[in-house]
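Letter by letter, the chains look like this.
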Amino acid sequence: MRIVFLTYPGLTALDAIGPYEVFNALREFEICFAWKEVGPIVADSGTLVLGATHALADISDGDVVIVPGSAAETLTMMADDEVLQWLRDIDATTKHTASVCSGALILGAAGLLNGLPATTHWAGLSYLGRFGATAMPEERIVDNGHILTAAANPRNLLSVPKILLDRWARSRRRSRR
């Protein structure tokens, strides 16, 4: 199973690294960090550097895509046509597309939340309606089957991979029968 993290300058590292560590610990998945070009990506702290292992143009499909949030760069990503088109294109191939924190606003800007309930960082909840989504302020996780959104809370960093891993395990059990 291929898990792709959108890895962009200014992302909140914990939003990506928390889920990554859960998936990576199992040593069962191909994990990709994708950005416009391969290379270093400076997180929103300004000091932590992650690495984009793949260019967006080189990742046209995946089983799971995870979009982390950002303290400062969410709006930039929401206006980046290349990123939004890539999300629309890859979402058509995924079993699951997920966001952590304000990453939901990026999914919304890509048109992926239209008509769905969703959650995000509390400061962004009022923006979900602009993308045709129904804000669910009381929910930590909103699971629409294909699309999952997680609010800003450290516990949610583990909830998203747990939901996805539970589905993966059920699928593996069914395929072994």
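Look a little higher up for the structure.
Residues numbered from 1 in each chain as written. Predicted model: local features only at pLDDT ≥ 70, side-chain atom pairs only at ≥ 80, totals over all residues. Heavy atoms only, no water.

1. Description of the layout of surface pockets
Its volume calculated, the largest pocket comes out at about 290 Å³. The element best represented in the lining of the largest pocket is helix H2 (residues 74-78), accounting for 3 residues. A breakdown of the residues in the lining of the largest pocket according to their chemical character gives 8 nonpolar, 7 polar and 1 charged. (1 Å grid on protein atoms, 1.4 Å probe; cavity = no way out; pocket = protein on both sides within 12 Å on 5 of 7 lines; lining within 4 Å. Points joined across faces, edges and corners; volume = space filled by probe spheres on them. Helix = DSSP H or I, 4+ residues; strand = E, 2+ residues; numbered from the N terminus. Nonpolar A, V, L, I, M, F, W, Y, C, P; charged D, E, K, R; others polar.)

2. Re the side chain of Thr120
Residue placement: Thr120 occurs in the loop between strand S8 (117-118) and strand S9 (134-135). If sequence neighbours within four positions are ignored, Thr120 has contacts with Cys101, Ser102, Ala104, Leu105, Leu125, Leu128, Ala150, Ala151 and Ala152. (Contact = heavy atoms within 4.5 Å.)

3. Things to note about the nonpolar core
Grouped together as the largest cluster of nonpolar side chains are 56 residues, with contacts concentrated most on Phe5, Leu6, Phe23, Trp86 and Leu87. In this view, Leu87 contacts Leu6, Val65, Val67, Ile106, Ala110 and Leu112; residues no more than four positions away in its chain are not counted. (Core = buried A, V, L, I, M, F, W, Y, C linked by side-chain atoms within 4.5 Å. Buried < 20%, exposed > 50% of the residue type's maximum accessible area, 1.4 Å probe, protein only.)

4. Brief notes about the sheet that holds strand S7 (residues 96-100)
Reading across from one edge, S5-S2-S1-S6-S7-S11-S10 is the order of the 7 strands in this open sheet, with mixed pairing throughout. The open sheet has two edge strands with one neighbour each: strand S5 (54-55) and strand S10 (141-143). Inspection of the sheet shows strand S1 (residues 2-6) paired to strand S6 (residues 64-67) by 3 bridges, in the parallel sense. Each bridged residue has a counterpart across the sheet, and for Val4 the counterpart in S6 is Val65. (Pairing = 2+ DSSP bridges.)

These figures come from the coordinates and say nothing about function on their own.
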